[in-house]
Structure formats: structure tokens, C-alpha cells
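# Structural characterization, general
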Amino acid sequence: MSRSENRPSVVWLRNDLRLADNPALTAAASEDRPLVVVYIHDETGDGIRPLGSASKWWLHHSLAALDAALRKLGGQLTLRSGPAARVLPELVDELDAASVHWNRRYTAARDIDAELKSSLRERGLTVESHQGNVLNEPWQIRNGQGEPYRVFTPYWRSAQDRPVRELWPAPEAVEPGWPERSPASDNLTDWNLLPTRPDWAGGLRETWTPGEAGALDLLDSFVADRLADYHRRDEPAVDATSGLSPHLRFGEISPAQIWHRLRGTGASTLPTAARSNVAKFLSEIGWREFSTALLFDNPRLAEDSYRPAYNAFPWGYTVDQLGAVDEPAGVSEVEAWRRGRTGIPLVDAGMRELWHTGTMHNRVRMVVASFLIKNLLIDWRAGEQWFWDTLVDADEASNPANWQWVAGSGADAAPYFRVFNPGLQQKKFDPTGEYVARWIPELGTADYPDPIVDLAETRREALEAYSAVKAASASN
DNA sequence: GTGACATTGAA
DNA sequence: TCAATGTCA
């Protein structure tokens, strides 16, 4: 074969660390050229949000799992680091690549991809982006005026009218480049994604199996064992949720795979209760899609109020006053919240679960967020940043979208007077106290702190603060 | 158990 | 008219 026919194709993986149902990988593999699979660790590109600590831990193990899976198919994962806008063209030059494929992302970093697509195409390469990580592209779901939806229910109704694409099988073999072309790769451990001194990841290792195989196992066990209990998903002591969120975050499984699998349970033939479990679970995939669409249309979702009137909210503490996540906090209240020492059992249990496992039950996330925002009057961005650093499923769209939802400043947000009462929430959703006891062994002893604020009094102050927002929106 | 609180987008 | 997730009197 001539050299020109041997020019390789490149798959640039980002948040799609899987072999099955990976449209970019399938497209590149079908070109019958040597295949180079690359992941670029980019912390400095425009629009890139550097990963939090828990996400870095996950990424390390996910990349290791992907490399092992590729090697079984005869390939390997190439690791490079630096701004993708520079690193990807360098790799293309080095390999004399003929084509580049990737699955789309929807953050501000998509400007990098658009630039790369046009500059590489100008040089004669085939460059294709694919739909791998969402059921629907954000721009495909629009309301009657052709505008993005601002409310979930009509968004999801409209989205569900559209067919979900068929799945792509994993390639049976991943031909590597010719030996003399095998590109150099960084050493994963040199990226220092794992914590050392101290190694705080013990709880994460006990809780999670990052990687595609772990994701598929979890989907299997969810459908087999937990889906039937999904109507109890709001009870944090009950193992009734899928646990798929970090796997979805890193694209170890696609929403299309989940959708087809749930449909494959014969949803239309199931008894009503089971059918509503399936519908409810799929609507959670819908919230992920809705958040992705919100971020697509509002690239500064983690920085700016979605509703401008909320710029008038008189925070007790702003994120600037509190400092960055890993600095010693200057304010004891936010530090008590972060460490699970507020004296409010359900809040502390959730924050400790997060610290230990890298996740927190969804119901409890709402409660701790409401407490930070409405009882401590601390800017939602401070909570968003803490979650970004500590959650293994920290997602650039879902995390700010949901924090803004709780704050009232987001899309489809609750009326401002909705302030969660952690005591009532505990009574409703952890009536036996099993969840709080699991995370607060010293509960009921002198070692457990008194509440750092009075819930009733701070609730009144929050409602007072919201009147500033009402005034601001009335004057607009 | 019920109503009051009373946002605002979508149909 | 109805909405994701609520509270209080």
C-alpha cells in the first residue's frame, strides 16, 4: 500500500470514554485506515473548566479502563496534554492523519472544536463531529416561537416526540497505527490525577468502578434489582437509584444505550407501577438533556443568574468573600456546611456522604443546597463550586442548572417561597433515621454540634431577601 | 387535610 | 390551567 492510503484516522475522545455506541469511534474505524484514539488533557483552553478533585480521580481510572479495553482489541489509547487547539493539529501533522472524528460537546469549549473543524478542513482533512452524548441536540428542541424551552415539562414532552437513534456496536477490532507510526503517549500517572498525601480516595474506591464495564454492570443491576423500587428513589437510605450519573458524565455509557435498554424492558407491556418507574427514570435522563440545552444556550450558566432579576439578591456572603475551594475558608458557616458540622442532621449526613463517597443522594442534594442558599444566605456559586470539586458526577451543565434551580434563579425554578425544612424532609424521606445514623455516628451525643443557625428565623430572613428580587423583576 | 403563599412559561 | 421535587397555619 502506498503511504497516502496508510494515512491514519484520529478519534478525539473527550466525555465519551466508551467503545460501544460511540459514533465517532465507529465512523473512524469504518474508514479502514490505521486508527489512533487520543485523549487530550486540556486544562487551559478557552472555555475549559478545569476538573475538580473527585472528577480527576474518576478520569484517571476511566482512562486506564479504556486503554485496557482498547488493547484487548489490538489498539491503544494515546494520551497528550496541553490546549487541544494546539495539541490536536500537532498530532495530525505528526501522523499525517487523513481524518479526525469526535462526539460533540456543548460547553463554552465547543468554540475550540469549531475552530479546529474549519482549520483542519482547510488543510484537506476529513473532519466530522457526531452526536454521541445526548438523545437530542440542544438546537433540535425548540418551542412554538422557535426559542429554547425555559420549562422542563414541555421541553421533555417535545423531546420525547422524536425518535432515538439506533445504537452502534463496539468495533470488533481497533487496528493500531503501523508500528513506526505508533504515536508517543504521555504516562497517565504523570498527569497526577490521583490524590496523594493524603490519599482521600478510599471511600471512592469502595463505592465506584469507573469505566465502561462498570457502567454496563450498573445498568444491568439497576434494571434487574433496583428499578422495581424506583418509586422509593426519594428515600436516601434505600438503594433504589441507578448510580449511573458519573458514568454518564464521562460518557462510559450513552443516554441512547440507557433509553433503549429501558424500552427493552417492554415498557408498554408492564403493569402501571413499573411503567411509571421507567417513565420517571427516563425523565431524569430528560433533566440531563434539559440542563445540557440550558448550558448550550447560556455558556455562563455556572457564573451568571439565568434570571437577571436575581442579580439583586442580597447574599449574606458572596462567592468572592468565601475564597476558592481549597483555600482555608474565612467564614466558619460555609466550612461547617462543607464538613458536615452544621448541627442539622440531614444536611450533615449528606455532606459527609459526599465527602466520603464522591456522591450524594439526589433528595439530600436539594436539602443541603436549600440550606446553604436559604438558611445561610450564601451565594449558590459557593455550593456549586464545592460540588464541582467533590462530586464524581460533577457535570458542567447539570451542576449549575440544578444549583440555580434551588436558588430560584434558574430555569423552571421553584417559587421563591419554597424553602426546604431539613427536619420535615428527614421525617418524610428518612423516617427511621437510618440514613442520618449511617453518616453521623455521634448523633445524639455531646460530640454532635448544636445547629449553627435557627431554621425558622433564617427562613424568614430568606423570604425577606427574596423581596429584593421581586422588586427588581417588577421594575423591569 | 386544606388553603395560602402567588413565579412564569407554555399551550 | 398546570407545572419536579414545599411549608406553615
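Bear in mind the structure is a predicted one, so any value in this text is a computation, not a measurement. (Residues numbered from 1 in each chain as written. Chains lettered and ligands numbered in written order. Predicted model: local features only at pLDDT ≥ 70, side-chain atom pairs only at ≥ 80, totals over all residues. Heavy atoms only, no water.)

Another aspect to go through is the overall build of chain A. Scanning chain A from N- to C-terminus turns up 19 helices and 5 strands. On C-alpha atoms alone, chain A measures out to a radius of gyration of 23 Å, which is about the 23 Å that the 2.2 N^0.38 rule sets for 476 residues. Projected onto its principal axes, the C-alpha positions of chain A cover 80 × 55 × 50 Å. Within the span of chain A, comprising 476 residues, buried residues form 55% of the whole. (Helix = DSSP H or I, 4+ residues; strand = E, 2+ residues; numbered from the N terminus. Rg over C-alpha atoms; globule rule 2.2 N^0.38 Å. Buried < 20%, exposed > 50% of the residue type's maximum accessible area, 1.4 Å probe, protein only.)

Before going further, it helps to spend a moment on the pairing of strand S5 (residues 126–130). Direction of pairing for strand S4 (residues 99–103) relative to S5: parallel, over a ladder of 5 bridges. When the sheet's bridge partners are listed, His 101 is paired in S5 with Glu 128. Regarding the hand of the β-α-β motif, the stretch spanning S4, helix H4 (residues 110–122) and S5 is right-handed. (Pairing = 2+ DSSP bridges. Right-handed = clockwise from strand over helix to strand, strands pointing away.)

As for its position among the elements, Asp 21 is in the loop between strand S1 (9–13) and helix H1 (23–29). What makes Asp 21 buried here is its relative accessible area of 1%. A polar atom in the side chain of Asp 21 sits 2.6 Å from the side chain of Arg 165. Beyond its immediate stretch of four places on either side in the chain, Asp 21 contacts Arg 165, Glu 166, Leu 167, Trp 168, Pro 169, Ser 254, Ala 256 and Gln 257. (Polar contact = N/O pair within 3.5 Å; in protein donor to acceptor, adjacent residues only side chain to side chain. Contact = heavy atoms within 4.5 Å.)

Around DNA strand B, the structure places Asn 143, Gly 144, Pro 148, Tyr 149, Arg 150, Val 151, Pro 154, Arg 307, Pro 415, Tyr 416, Phe 417 and Lys 470. In this structure, Asn 143 approaches DNA strand B through a side-chain N or O atom, which is 3.4 Å from a phosphate oxygen. In this structure, a phosphate oxygen belonging to DNA strand B sits 3.1 Å away from a side-chain N or O atom of Tyr 149. When the residues that make up the surface near DNA strand B are grouped by side-chain class, the tally is 7 nonpolar, 2 polar and 3 charged. (Near = heavy atom within 4 Å. Nonpolar A, V, L, I, M, F, W, Y, C, P; charged D, E, K, R; others polar.)

Glancing now at the packing of aromatic side chains. Each aromatic ring pair is summarised here by two numbers: the centre-to-centre distance and the angle between the ring planes. Taken as a whole, this structure holds 23 aromatic pairs when the rule is applied. The interplanar angle of 45 degrees and the centroid separation of 4.3 Å between the aromatic rings of Phe 313 and Trp 315 together place this pair among those described as tilted. With a relative accessible area of 6%, Phe 313 lands in the buried category. With relative accessibility at 18%, the residue Trp 315 sits in the buried group. (Phe/Tyr/Trp six-rings, centres within 6.5 Å; stacked < 30°, edge-to-face > 60°.)

Let us now look at the nonpolar core. Core analysis: the largest hydrophobic core is formed by 51 residues, its most contacted members being Trp 337, Phe 387 and Tyr 435. Broken down by secondary-structure element, the contributors of at least two residues to this core are helix H11 (319–322), helix H12 (332–339), helix H13 (345–357), helix H14 (362–375), helix H15 (380–390), helix H16 (398–407), helix H18 (434–439) and helix H19 (455–474). Here this core takes 8 residues from H14, the largest share from any one element. Setting aside residues up to four positions removed in sequence, Phe 387 forms contacts with Trp 337, Leu 354, Met 360, Arg 365, Val 368, Ala 394, Asn 399 and Trp 403. Grouped together as the second largest cluster of nonpolar side chains are 34 residues, Tyr 155, Leu 248, Phe 281 and Ala 293 included. (Core = buried A, V, L, I, M, F, W, Y, C linked by side-chain atoms within 4.5 Å.)

This part takes up the UniProt feature "domain: Photolyase/cryptochrome alpha/beta" (unreviewed entry) in chain A. In the numbering used here, UniProt assigns the "domain: Photolyase/cryptochrome alpha/beta" (unreviewed entry) feature to residues 7–135. Within the segment residues 7–135, helix and strand shares are 40% and 21% respectively, and the terminal C-alpha atoms sit 33 Å apart. (UniProt positions renumbered as here; feature names shortened; annotations may be inferred.)

Taken in spatial order, the 5 strands line up as S3-S2-S1-S4-S5 in an open sheet, and their pairing is parallel. Every interior strand has two partners, whereas the edge strands, strand S3 (77–81) and S5, have only one. Here the average twist between neighbouring strands, direction ignored, is 25 degrees. Together, S1, S4 and S5 form the strand contacts of H4, whose direction differs from that of S5 by roughly 155 degrees. (Axes fitted to C-alpha atoms, helices over the stretch in contact; angles between N-to-C directions.)

So, on to the pattern of salt bridges. Within this structure, the stated rule accounts for 25 salt bridges. Among the ionic pairs, Arg 104 bridges to Glu 137, the shortest N-O distance being 2.5 Å. On the criterion of sequence distance, the pair formed by Arg 104 in the loop between S4 and H4 and Glu 137 in the loop between S5 and helix H5 (152–160) is long-range, its members being 33 residues apart. For Arg 104, a relative accessible area of 24% corresponds to the partly exposed category. Its relative accessible area of 2% is what places Glu 137 among the buried residues. Its salt-bridge partner being Arg 339, residue Glu 335 comes within 3.0 Å of it at the nearest N-O pair. Pair noted here: Glu 335 and Arg 339 are both in helix H12, with a separation of 4 residues, about one helical turn. (Salt bridge = Lys/Arg side-chain N within 4 Å of Asp/Glu carboxyl O.)

On to the protein's contact with DNA strand C, then. In the region of DNA strand C, 16 residues are neighbours, and Thr 153, Trp 287, Trp 405, Val 419 and Asn 421 sit closest. Within 4 Å of the protein, the contacting atoms of DNA strand C are drawn from sugar and phosphate to the extent of 54%. With respect to DNA strand C, the side chain of Arg 363 contributes an N or O atom lying 3.5 Å from a base oxygen. Lys 428 places a side-chain nitrogen or oxygen 3.3 Å from a phosphate oxygen of DNA strand C. Contributions of two or more residues to the surface near DNA strand C are made by helix H10 (272–297), H14, H16 and helix H17 (422–429). In terms of residue count, the dominant contributor to the surface near DNA strand C is H17 (3 residues). Its residues placed into classes, the surface near DNA strand C shows 7 nonpolar, 4 polar and 5 charged.

Here we come to the pairing of strand S2 (residues 35–41). Burial analysis of S2 places 7 of its 7 residues in the buried class, which makes it a mostly covered element. Covered by surrounding structure in S2 are Leu 35, Val 37, Tyr 39 and His 41 together with Val 36, Val 38 and Ile 40, the residues of both alternating faces. In this fold, the crossover linking S1 to S2 by way of H1 has right-handed handedness. Looking at chain direction, S2 and S3 are connected through 5 bridges and run parallel. Following the sheet pairing, Tyr 39 is matched in S3 by Leu 79. Taken together, S2, helix H2 (residues 53–72) and S3 constitute a β-α-β crossover, and its handedness is right-handed.

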